[in-house]
Structure formats: C-alpha cells, structure tokens
Amino acid sequence: MSMPAERVADTAEAEGEEVRVPGRWSGVLYEVLRTPRVLFGAALLLALVIAAWVGPLLSPWDFAETDIIARREPPSAEHWFGTDSIGRDTFTQTMVGLQKSIIIGLLAAILTTAIAAVVGAFAGYFLGATDRVLMWITDLALVLPNFLILAILYPALRGKGWLVFVILLAALAWMVTAKMVRGMTISLKEREYVLAARYMGVSHHRIIFRHILPNMSSLLIVDATINVSAAIIAETSLSYFGFGVQPPDVSLGSLIADGSTQSLAFPWTFWFCTGLLVVLVMAVNLIGDGLRDALDPQSKRRS
Amino acid sequence: MGKFLVRRFISYLVLIFLASSFAYLLAAATLSPRTNFDQLQPRPSQEAIEKELDKLNLNDNTPIAQRYGTWVRDLVLHGDFGQTIDDQSVNEAVARKAGVTLRLIIVGTGLGCSVGVAIGAYSAVKQYRGFDKAATAAAFFVLAVPTVVIAVSMREAARWFNDVTGVRFFEYGGEYTAGLDAGFWGTLADRLQHGILPTLTLALALFAAFSRYQRNMMLDVLGSDFVRTAMAKGLTRRAALLKHALRTALIPTITYFTFTFGILLAGTTFTEKIYGWHGMGAWVVDSITQNDVNAVAAVTFFMAVCVMAASFLSDILYAWLDPRVRVS
C-alpha cells in the first residue's frame, strides 16, 4: 500500500521542484487528474446527482401526486418515464429514489470506513488484549452474513426512518477494512515519526488520529469509495425484500421491487430505475478502481 | 499442520455457537410471534394463546434469558432446534431445505469461481488484448448489478423468451415440476431447465468478482523472477504459467474466497426467493416476516456452518498450494 508522504516526495523530485514541498493532497490530485477513469466516473456521478436533485424540480408532477386518469401509462410528453399502477409519475419517483440511494450509499460508506479505521488502528496500535478483543469481535461479525442481521433487525427499525438503517448498514460492514487497517497500523507504528512523536510525549490517541490514520488516507479513501457501491447494492437488495427503506420513503431498491413483477407488460416501471442503479454503481466503481490505481503504486502496472 | 487444522476447527465450533446464539437473542428480542396468534380469525382465547406460545418457547412474557436457556438446552442435549411457528419440527424442515441450498451453492460456486479464475488468469496473460478488454468490461458491468437485479432481469428475459418462442424452455418457478413422472432423463432435463437460471445468477456475480481479482493477482506474479527462471530452465510457457505463476497467484484468491462467501450466501437467499426455490435462504426471509424465531436461529446456524466450512476448505486449499504452511 502507498505511503503518500514518500510518493509526494518522489513526484516532487521527478518534476525538479526543490523549493516548495507539495502537501499531501497535491500529489494525489495530480495522480487522480491523470486517471481518465476517475474523471469519467466522477462526471457520471455528478450528472446523476444533478439529475436526482434538479429533476424533481423540473418535473410537472409532485412526489406524492397521483394522476388518476393515467395509470400505467407509457412514457409521454406529460409523464417522461410513464406512470405506475396508481398513477404516480415514474420520473419523479425514480429521481427521489435515486436521491435516497445516493445519500444512503455515501453516508453508510463514510461511517463504515470511519468505524473500520478506528477499530483497526486501535487494535493494531495497542495490540495485546485490545487487539484480541477487537479482532475477536471482527471475526464473529464476519461469520454472520450481515444481510441476515439487518433482516432480523428490520421489525425493530420499522418506522424509525432511513437514518437508523444507514447506521446499521455501516455497523455491519466494517470488518474486512478493519483487518486491513490493523495490518497497516502494525507496520506504520514502527516508523520513525511515530516513535519520535511518542518520545515527545504525544498521547496515544493523538498519535493514532494525527500520525497513523492520515498516513493511510489513500487506503481509506479508496476503501470508502468501494464501500459506497457495496452500501448501495446492500440497500437495494434489502429494500427489494422490504427489509430496507420503508414507505413513504422510496429508494431504487423499493422501486425495482415494485416494477419487477410487471416488467414485461409495463417495462418503464422497471427498466428506468434498474438502469440508473447500474449506472450509479458503475460510476462509483470506476472512481474507486481508478483511485486505487492512482494511489497505490503497486497496482499501477495492472491498469 | 494437523494440529493447526484441529485448533482452527475448535475455534470454528465456538464461533458457530456464538453466532447462532447472537442471532437467536436478536430474533427473540425483535420478532413478536404473539401477533401471529392475535391476528387469527377467530381470535383464540388468551389462555390458548399463552399455552401455545409456552409450548413453542416463544412466549414474550417469559424472560429472554430463560427462553434462551431452554433453546440452548434442547440444542445441546438433543440437537433439537425446536418447533416452527406452525408447530412443525425445525429439524425436519432443515433436513428438507438444506439440500436445496447446498446444491445451488456448490454448483454455482464451483462454476463461477473456476470460470472466473480461468478467465482472470487468461486475461492477465493477454493483458490489453481484445480478450482482456472484453472480459474486463463484462466484469465491470456485472459488478455494478446487484444479484437481485441479475436474478429479476434473467427471470424477465426468460419469460420474454418463452413468450416469443412459444416453448417453455426456461422454468423460473421452483426447483422441479411437482409430481413429474418422466423417468430418469426426463427428471434430469426438468431439473436442468429449472436450475440453469438460478445457478447462472449466482455464477455470474462470482465470475465477475473472481476474474477481476485473479487478473490483478496474476499480473503481480507474471513479472516475477521465479516465472522467468522456470521458463529459462526449459519449461514450456504453458507449464511455467500454470504450475508456477497461477499456483502462486491462487493463494490470495483463496483468502478472498473466504471473505466473499458471506456475500454469496446473501446472493443465494435472493436467488432462491426470486426463483421460488424452497431452500434455507427463502425460508429465512419468510420466517422473519412470520416472526418465526426458532427457524431464524436454525438458518443462522446453517449459514454460520457454511461460512466456516468455506473457511475450512480455504485453509486446506491454502495448505495444499503453499508448501510453507505444511512445513511449519
């Protein structure tokens, strides 16, 4: 995995910059801008975000509004994506669902990576009993498929809103990243700057948050990106079976569930939301994959 | 080596027990079997409800610790998972349904992983050629599609195909035609017709993940000295790539297999539910909606055993591929 500090120094040397040592982020930004996949994915994602938030404003129909005379109508000038079985405008529904899926994906991913970083770093830094307890919990959480726990918990979170769902999603997805962070922390804590900080009397918590975690930020960023698509997929699957986002909220998953039973007779209720979901996950995956190649020197050859 | 496996095995048993206990406690705390009886028409008398709930060990007036104690005692002493909410034996249901899920998982995993590894390794050898680009694009696309969507899309495509051709070529409801009497070959054909779509659904998702991963691992290994040495000492390119490069590149993939197995189980659940197979996965979704605590705990036990079996299998494969593990 990469050590951003060293990498930045390398690029600085290569470019012959002597006076100003670039910060941690300028090198990263430089790498990212040279990876077309990341730019393409980011553009796609930006387009989806704009569509999701601006789309409902442009649409003549309201989210909850039903057009009683137009049920299961195919796409037309009036209903851009057609209407569903009770006359709701599919375009507005899909865009609001897209909003929810994007928010859930982003929030859950950030939370997942944060939990993983803290658990992994503490386990790797302190080792001993802390490590054993934390890794034991991690192993136990890995044994249970997390969708199962989420599904079992669903009666308890019915009516609690989607934020609770996001927290649970994150609480059940951090294990693999935590193991990686732990491995990296074990090697990072032997570095000179960590030792120097320790001998200067910096507290353990401060070392972890100021010296260890920032130095694996590239790993964490890549991982957070990958977690976005994982969270969106998990949310979709759970919502499909009614264990995720509950009405009146809609997400792409619940829309796909509604549309899937009638996709042959009324294809617009199914294919628009499915297509957008696939484009969304693909955009996030492109960003994640490109970032990994840009930030991880070992993987450079692969792309 | 033997000692290593035995130690692993014991820690697996402990983890399985803890995982199922955790699921039981969670299910007992969140699900409310009482509502099932309250909603019966005509509603039974209060006494009858209490009696039934007590009999099934589902009464929420009994402290949860006591219910858990009863559950553990029956499980450990008699190997009995209790009764379902309809007062059927959970053990019998498990015996009936586990086979369905195992058939699906084993065939799907075998197919998906081997094809994925083969394609991934081959694309690494042919890096940047047409085959590599096509395989990468396909894998990227499939990775962006949740298993649920793959399953539903394939079902709808099959329905469309049957409509257009007028032949029921694909079947997408259930594992086999009930009461079919068509001899051995007829039954086999019937099973294949039913099984092809669900198996493909599972295999596709695995293929995508494994071909990407194997390609990266293979590329890391291809440039290394030992592969060049192998070719320099006169091995054919094919032998060097298969015996030296692929063998080494498979080791991290095996660890990856353990991590993806949980996701695979989720995929199996969705596939079974969408194609109407009566396996463990479909059962757990139904039991959660029916507040069936004992069934949920039994399915969790089954899934934990599957995860552990996969992990045990990968330990053995690891030891087989990496001589260092065997020696130490």
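About the criteria used
- Residues numbered from 1 in each chain as written.
- Chains lettered and ligands numbered in written order.
- Predicted model: local features only at pLDDT ≥ 70, side-chain atom pairs only at ≥ 80, totals over all residues.
- Heavy atoms only, no water.
- Contact = heavy atoms within 4.5 Å.
- Buried area = accessible area lost by both parts, 1.4 Å probe.
- Salt bridge = Lys/Arg side-chain N within 4 Å of Asp/Glu carboxyl O.
- Helix = DSSP H or I, 4+ residues; strand = E, 2+ residues; numbered from the N terminus.
- Nonpolar A, V, L, I, M, F, W, Y, C, P; charged D, E, K, R; others polar.
- Buried < 20%, exposed > 50% of the residue type's maximum accessible area, 1.4 Å probe, protein only.
- Expected span 1.5 Å × (residues − 1).
- Axes fitted to C-alpha atoms, helices over the stretch in contact; angles between N-to-C directions.
- Parallel < 35°, antiparallel > 145°, perpendicular 65-115°, else oblique.
- Left-handed = near helix turned anticlockwise from the far one by under 90°.

Between chain B and chain A, the contact holds 49 residues from the first and 43 residues from the second. The contact between chain B and chain A buries some 3,900 Å² in all, and 78% of this surface belongs to carbon and sulfur atoms. When the area that chain B buries against chain A is broken down by residue, the three leading residues are Phe140, Phe259 and Ile288 of chain B, summing to 14%. For the interface between chain B and chain A, the tally reads 1 salt bridge. With 9 residues, helix H7 (residues 147–165) of chain B is the largest single contributor of residues to the side of chain B that touches chain A. In terms of residue class, the side of chain B that touches chain A is made up of 33 nonpolar, 8 polar and 8 charged.

Before going further, it helps to spend a moment on the environment of Thr260 of chain B. Relative to the helices and strands, Thr260 of chain B is located in helix H10 (residues 237–275). Taking the C-alpha atoms as reference points, Thr260 of chain B and Leu206 of chain B, 54 residues apart in sequence, are found 8.7 Å from one another.

All names here are of chain B. Phi at Tyr128 takes a positive value of approximately 70 degrees, unusual for a residue other than glycine. Along the chain, Tyr128 falls in the loop between helix H5 (90–125) and helix H6 (130–143). A positive phi angle, near 60 degrees, is found at Asn291, a position not held by glycine. Turning to its location among the elements, Asn291 is positioned in the loop between helix H11 (280–289) and helix H12 (293–321). Owing to a relative accessible area of 10%, Asn291 belongs among the buried residues under this scheme.

Residues and elements named next belong to chain A. The end-to-end C-alpha separation of helix H11 (residues 217–240) is 34 Å, in line with the 34 Å expected for 24 residues at 1.5 Å each. With respect to burial, H11 is a largely interior element, 19 of its 24 residues being buried. One or two steps after H11, the chain reaches Gly242, where phi turns positive at roughly 80 degrees.

Our focus in this paragraph is the packing of helix H5 (residues 128–143) of chain A against helix H8 (residues 175–188) of chain A. Residue and element names in this part refer to chain A. Across the interface, H5 lies against H8 with an axial gap of 9 Å and an inter-helix angle of 150 degrees. Regarding the angle of H5 to H8, the classification is roughly antiparallel. The two elements H5 and H8 cross, and the hand of that crossing is left-handed. From H5, Asp131, Met135, Thr138, Asp139, Ala141 and Leu142 reach across to H8, where they touch Met175, Val176, Lys179 and Arg182. A per-class count over the contact of H5 with H8 returns 5 nonpolar, 1 polar and 4 charged.

Note that every value here comes from positions in space, so none of it alone points to a role or purpose.
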